[in-house]
Amino acid sequence: MLHGFKSFRNSVNHVRHLRNRICTRGLTNKHCETSIKNGVGILKFDTPGSKVNALNEEFSYDCKEAFEELRDNPEVKSMVFISGKPDCFIAGADINMLAACETKEEIMKLSKGGQEFMQQMEDCKKPVVAAISGSCMGGGLEIALACHYRVALDTKKTSLALPEVMLGLLPGSGGTQRLPPLIGLPNALPMMLTGAGKNAKQAKKLGLVDLVIKSLGPGVKDPKTLSHDYLESCATDVARQLADGTLKKPKRTKSGIKGLSHNLPLNNKMLRNYVFKQATKEVMKKTHGLYPAPLKIIDSVKNGLESPSTGYARECENFGDLAMTDESRALQSIFFGKQACEKNHFGKPERMPQNMAVLGAGLMGAGIATVSLDKFPKVILKDVSDTALSKGEDMVRDVFQKKVKKKKVPTATLR
């Protein structure tokens, strides 16, 4: 009888142990899982069966649920948002979700939902840190902007951008309102009007991220996994220090000459109007007024700076208007077509080719050789004469010299 009681007690203790493990690990849903490490809540999002994390209604709901679970947990003193995919933080909104909307009201509902969630994050009394690795685009960057601190891993794949303009849209979850005060109007407008991305170091220089982490070399695990684990560790340390006060939240106000270029356009109406006038002039020169998205972006930013209480509502309204335009629908169609062309319909090859040869060193041949250099160990360029071949080589070298100048590739690439 005593033996039976001991077995029962051991079973109860085992169940309690499992409960403690579940509580430490936290919530798990389709797209997100949470865990707690020394008072820091880790929210890791990882869409199953997909190379990227994309914001759709299901992903957003899961992310919001996981965030609220950590926010309301008294054990959690601060939080880290990180992706389970080393090459992708969040690639932006799921275009299929937008394409499925038939009315402006449906689109505005999505925008408003995104704005409300980002505001919840920004208003959270617990410090929230974004740990960024890989593509951080559109709504992904808007999530990062709503965090209180941003850490980025310095890799070739890390890129921060608001590319909605390329789909005839604008950042609809607070991007037009949060980016200008953070990095200044002269820096924010080009990012939104062109959709151009910034690597980790460029983002740090702009003030878009607060800390850049160098990637690691090979070790016990592969470099990519090691670097991603290191990013999580560093972001967790930052979150813990923000919570206990040993690290203060970064001051967003600038000083000195940089401060003048940052603050004056935001605070001086005359200078601000001049910046908007020049931006509008440049947009009209390039689009001839036939492309509505850039003008709506300028309008949303301007309204937010001049009337902060109505800025988010104007952004939402403009987002709804743009999503219903023929231009946006056409650009979305091009996007879907491009995706279809990029898909591999033949499956994985049995043996990966190691060499590639391009016949013809003209504009097309040199271009093919250029984009193939980082995909094949050896690329051979051939033409009928040394003169034609030299021209092709010069074109390839010129492309890489520009990349080296912009620090996109190391100088050794040219050797």
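Note that this is a predicted model, so its numbers are computed, not measured.

Caption draft 1: Looking closely at the pattern of salt bridges. According to the stated counting rule, one finds 22 salt bridges in the structure shown. A salt bridge links glutamate 122 to arginine 178; its shortest N-O distance comes to 2.9 Å. Of this pair, glutamate 122 sits in helix H4 (residues 104–123) while arginine 178 sits in helix H6 (residues 175–183); the two residues are 56 residues apart in sequence, bridging distant segments of the chain. Among the residues examined, glutamate 122 registers a relative accessible area of 33% and is labelled partly exposed. On the basis of relative accessibility, which here comes to 8%, the residue arginine 178 falls in the buried class.

Caption draft 2: Molecular detail of the pairing of strand S7 (residues 149–154). Along S7, 5 of the 6 residues are buried, which leaves the element largely enclosed by surrounding structure. Bridge count for strand S5 (residues 128–132) against S7 is 4 bridges, and the pairing is parallel. Bridge pairing links valine 129 to tyrosine 149 in S7. Where S7 and strand S9 (residues 211–214) come together, 4 bridges link them in parallel fashion. Looking at the pairing, leucine 153 lines up with isoleucine 213 of S9.

Caption draft 3: Representation of the packing of aromatic side chains within the structure. Applying the stated criterion across every chain, the model contains 6 aromatic pairs. Ring geometry for phenylalanine 45 against phenylalanine 59: centres 5.9 Å apart, planes inclined by 70 degrees, an arrangement best described as edge-to-face. Taken together, the residues phenylalanine 45 in strand S2 (residues 40–45) and phenylalanine 59 in helix H2 (residues 57–71) connect sequence positions 14 residues apart. The two residues phenylalanine 45 and phenylalanine 59 agree in class, both being buried. Arranged with centres 6.4 Å apart and planes meeting at 65 degrees, the rings of phenylalanine 45 and phenylalanine 81 form a pair that is edge-to-face. Of this pair, phenylalanine 45 sits in strand S2 while phenylalanine 81 sits in strand S3 (residues 78–83); the two residues are 36 residues apart in sequence, bridging distant segments of the chain. A single burial state applies to phenylalanine 45 and to phenylalanine 81, both of which are buried. An aromatic cluster is present here, built from Phe45, Phe59, Phe67, Phe81, Phe89 and Phe117 joined pairwise through their rings. Sitting above the plane of the phenylalanine 400 ring, lysine 403 keeps its charged end 5.3 Å from the centroid.

Caption draft 4: Quick peek at unusual backbone geometry. Unusually for a residue other than glycine, asparagine 38 sits at a positive phi of about 50 degrees. On the secondary structure map, asparagine 38 appears in the loop between strand S1 (32–37) and S2. We note that histidine 288 has phi near 55 degrees; this positive angle belongs to a residue other than glycine. Mapped onto the elements, histidine 288 comes out in the loop between helix H11 (269–287) and helix H12 (292–306). Taking the relative accessible area as the measure of exposure, histidine 288 reaches 61% and is therefore exposed.

Caption draft 5: Region of interest: the sheet that holds S2. Here we have 6 strands laid out as an open sheet, ordered S1-S2-S3-S5-S7-S9, and mixed in their pairing. A single partner strand is all that each edge strand has here, and the edge strands are S1 and S9. When the angles between neighbouring strand axes are averaged without regard to direction, this sheet yields 20 degrees.

Procedures and definitions
Residues numbered from 1 in each chain as written. Predicted model: local features only at pLDDT ≥ 70, side-chain atom pairs only at ≥ 80, totals over all residues. Heavy atoms only, no water. Salt bridge = Lys/Arg side-chain N within 4 Å of Asp/Glu carboxyl O. Helix = DSSP H or I, 4+ residues; strand = E, 2+ residues; numbered from the N terminus. Buried < 20%, exposed > 50% of the residue type's maximum accessible area, 1.4 Å probe, protein only. Pairing = 2+ DSSP bridges. Phe/Tyr/Trp six-rings, centres within 6.5 Å; stacked < 30°, edge-to-face > 60°. Lys NZ or Arg CZ within 6 Å of the ring centre and 35° of its normal. Axes fitted to C-alpha atoms, helices over the stretch in contact; angles between N-to-C directions.

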